[in-house]
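Below, each chain spelled out in residue letters.
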Amino acid sequence: MRELPRSIADLPATGLLEALGAPTLFDLARPGEPPLFVSVLLHGNEISGWQAVQRLREQIVERSAMLFVGNVAAAASGVRLLPGQADFNRVWEGGDSPEAALASALVARVAAARPRLAIDIHNNTGDNPPYAVIAREDAPTLAAARAFAPRALLASQPRGVQTMRLARFCTAVTVEVGQPHDPLSADRAADYLARMLEPLQAPLARGCALVLFETAARVLIDADALIAPAMQRFNFRTAPQGATLTRAGGSCAVDDRGEDVSARYLAQVDGATVLREPTTIAMYTDSFASARDDCLCYLLRAHDARSRHA
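To start, this report covers the structure provided alongside it. What you see is a predicted model; the values in this text were computed from it and never measured.

Check the secondary structure of the protein and you find 11 helices and 17 strands. Compactness check: the protein gives a C-alpha radius of gyration of 19 Å against a globular reference of 19 Å for 310 residues, within 12% of the reference. In terms of its C-alpha atoms, the protein occupies a principal-axis envelope of roughly 60 × 45 × 35 Å. Residues counted as buried form 55% of the 310 residues belonging to the protein. Across the protein, every contact between residues at least 6 apart in sequence was considered, and the portion connecting residues at least 24 apart equals 77%. Each charge class in the protein can be summarised by its mean position, and for the 31 positive and 34 negative side chains these summaries are 5 Å apart.

Considering all chains together, one arrives at two cavities of 30 Å³ or more under this definition. Lining the largest cavity are 28 residues, and of these R90, E176, M283, D294 and Y298 sit closest to its centre. Taken together, the residues of the lining of the largest cavity sort by class into 10 nonpolar, 13 polar and five charged. The computed volume of the second largest cavity comes to approximately 40 Å³. Looking at the second largest cavity, the residues that line it are V38, V53, I60, A65, M66, L67 and L193.

Positioned with a positive phi, L41 is a non-glycine residue whose angle comes to about 60°. Examined against the element boundaries, L41 turns out to sit in the loop between β2 (36–40) and α3 (48–55). Its relative accessible area of 0% is what places L41 among the buried residues. Even without being a glycine, F236 presents a positive backbone phi close to 65°. Position of F236 among the secondary structure elements: in the loop between β9 (226–227) and β10 (237–239).

This part is about the pairing of strand β4 (residues 117–122). Of all six residues in β4, six are buried, a share of seventy percent or more. Side chains L117, I119 and I121 project from β4 onto one buried face, and the interleaved A118, D120 and H122 project onto a second face that is buried too. Where β4 and strand β7 (residues 172–176) come together, five bridges link them in parallel fashion. The partner of D120 across the bridge, within β7, is T174.

It is worth spelling out the pattern of salt bridges at this point. Tallying each qualifying case throughout the model produces 19 salt bridges. For D187, the salt bridge is made with R55, and the minimal N-O distance between the two is 2.7 Å. Of this pair, D187 sits in helix α9 (residues 183–196) while R55 sits in helix α3, and the two are 132 residues apart along the sequence. R168 serves as the salt-bridge partner of E93, at 2.5 Å between the closest nitrogen and oxygen. Residue E93 is located in the loop between α5 (72–77) and α6 (98–113), and its partner R168 is located in the loop between α8 (162–166) and β7; the two are separated by 75 residues in the primary sequence. Each of E46, R80, D87, R90, R218 and D294 takes part in a single network of salt bridges with overlapping partners.

Counting 46 residues, the largest nonpolar core has W50, V69, I119 and V173 as its most contacted members. Considering every element that reaches this core, the biggest residue donor is α9, with six residues. With 23 residues, the next largest nonpolar core counts F234, I281, L296 and C297 among its residues.

For the rest of this paragraph, the subject is the state of the cysteines. Within the structure shown, the criterion is met by zero disulfides. Lacking any disulfide linkage, C252 is separated from the closest cysteine sulfur, that of C295, by 11 Å. Look at C252 and you get partly exposed, because its relative accessible area is 22%.

Tallying each qualifying case throughout the model produces four aromatic pairs. Consider the rings of F148 and Y192, whose centres lie 5.4 Å apart with planes at 75°: the pair is edge-to-face. Of this pair, F148 sits in the loop between α7 (139–146) and β6 (151–154) while Y192 sits in helix α9, and the two are 44 residues apart along the sequence. Neither residue differs from the other here; F148 and Y192 are each classed as buried. Relative to F236, the ring of F213 has its centre 5.7 Å away and its plane inclined at 70°; by these criteria the two rings are edge-to-face. Of this pair, F213 sits in strand β8 (residues 209–221) while F236 sits in the loop between β9 and β10, and the two are 23 residues apart along the sequence. On the accessibility criterion, F213 (12% relative accessible area) is buried. Members of the aromatic cluster, each reached through a chain of ring pairs, are Y131, F213 and F236.

Secondary-structure assignment places H43 in the loop between β2 and α3. With a relative accessible area of 4%, H43 lands in the buried category. A polar side-chain atom of H43 sits 2.7 Å from a polar atom in the side chain of D87. With residues near it in sequence (within four places) discarded, H43 still touches V79, R80, D87, N89 and H122.

Definitions and cut-offs
Residues numbered from 1 in each chain as written. Predicted model: local features only at pLDDT ≥ 70, side-chain atom pairs only at ≥ 80, totals over all residues. Heavy atoms only, no water. Helix = DSSP H or I, 4+ residues; strand = E, 2+ residues; numbered from the N terminus. Rg over C-alpha atoms; globule rule 2.2 N^0.38 Å. Buried < 20%, exposed > 50% of the residue type's maximum accessible area, 1.4 Å probe, protein only. Contact = heavy atoms within 4.5 Å. Lys, Arg positive; Asp, Glu negative; His and termini not counted. Charge placed at Lys NZ, Arg CZ, Asp CG, Glu CD. 1 Å grid on protein atoms, 1.4 Å probe; cavity = no way out; pocket = protein on both sides within 12 Å on 5 of 7 lines; lining within 4 Å. Points joined across faces, edges and corners; volume = space filled by probe spheres on them. Nonpolar A, V, L, I, M, F, W, Y, C, P; charged D, E, K, R; others polar. Pairing = 2+ DSSP bridges. Salt bridge = Lys/Arg side-chain N within 4 Å of Asp/Glu carboxyl O. Core = buried A, V, L, I, M, F, W, Y, C linked by side-chain atoms within 4.5 Å. Disulfide = S-S within 2.5 Å. Phe/Tyr/Trp six-rings, centres within 6.5 Å; stacked < 30°, edge-to-face > 60°. Polar contact = N/O pair within 3.5 Å; in protein donor to acceptor, adjacent residues only side chain to side chain.

Take a look at the structure:
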């Protein structure tokens with residue numbers, strides 16, 4: 001679509017399926033002006049990005065921008081994805097699903113527009129401080145990440161994430177703004193998006209310290225696992241040796257090649273899965289459904305012992 005009508009921007013995320021019918025790209029790019037690409041609702045229950053768009057509709061339509069509104073079918077039901085759907089943020093490296101075909105077509109169109117920056121806005125199910133996710137370490141990417149938060153994750157997994165794919169041809173960042181029920185999450189998303197809509201804002205972050213982590217492994221669980229929600233208190237902190245990741249049931253840790261690295265990070269004690277050594281964790285969720293459908297948490301390591309500068 002070439003317009004973002006007020007009638008659509010006024011709708012809650014749950015009303016977008018009826019209005020749009022399918023994932024929709026609003027192409028508001030202007031000739032000769034590299035657009036800002038923004039993606040929201042890749043997961044239907046992560047609504048803060050759409051709420052930010054609603055607040056900033058007038059500013060968005062006045063700029064050169066492209067807005068992708070993703071899984072409106074899942075948003076109508078208030079869930080991450082519908083049964084039988086591929087995860088909209090795991091299909092950007094190809095595949096046989098309709099979601100992967102849509103992603104492939106969108107990547108081609110966005111690449112042709114040569115965006116100056118791509119932002120994918122997400123919520124967490126667990127309690128995390130705000131952070132960015134990036135796929136490369138060049139100065140513009142680090143600047144865009146630091147403009148959002150003082151911490152960022154240099155991610156190598158899981159496969160098929162939008163930011164990793166778009167980073168091949170433009171500066172790209174995911175911003176994790178908090179939990180969807182927290183009003184501050186929409187505030188964070190709107191503040192960042194408003195600043196990034198101004199073409200000269202991202203470079204202003206240069207010279208600011210950024211603490212950078214990288215993913216060492218993802219913790220996956222079986223259907224019989226019992227999670228330990230109190231572990232959320234360690235998100236982006238170091239959990240001690242022996243901390244309980246699951247109280248019972250099957251679990252494992254896999255690296256970015258899909259290899260089982262459980263023996264390196266995890267131990268079994270009386271049926272519980274515990275950390276073998278002190279480890280920084282992130283994105284530990286209190287939602288069993290999210291843990292089952294994606295992962296329980298990530299295990300991190302410092303990318304560099306020193307704070308890095310954009």
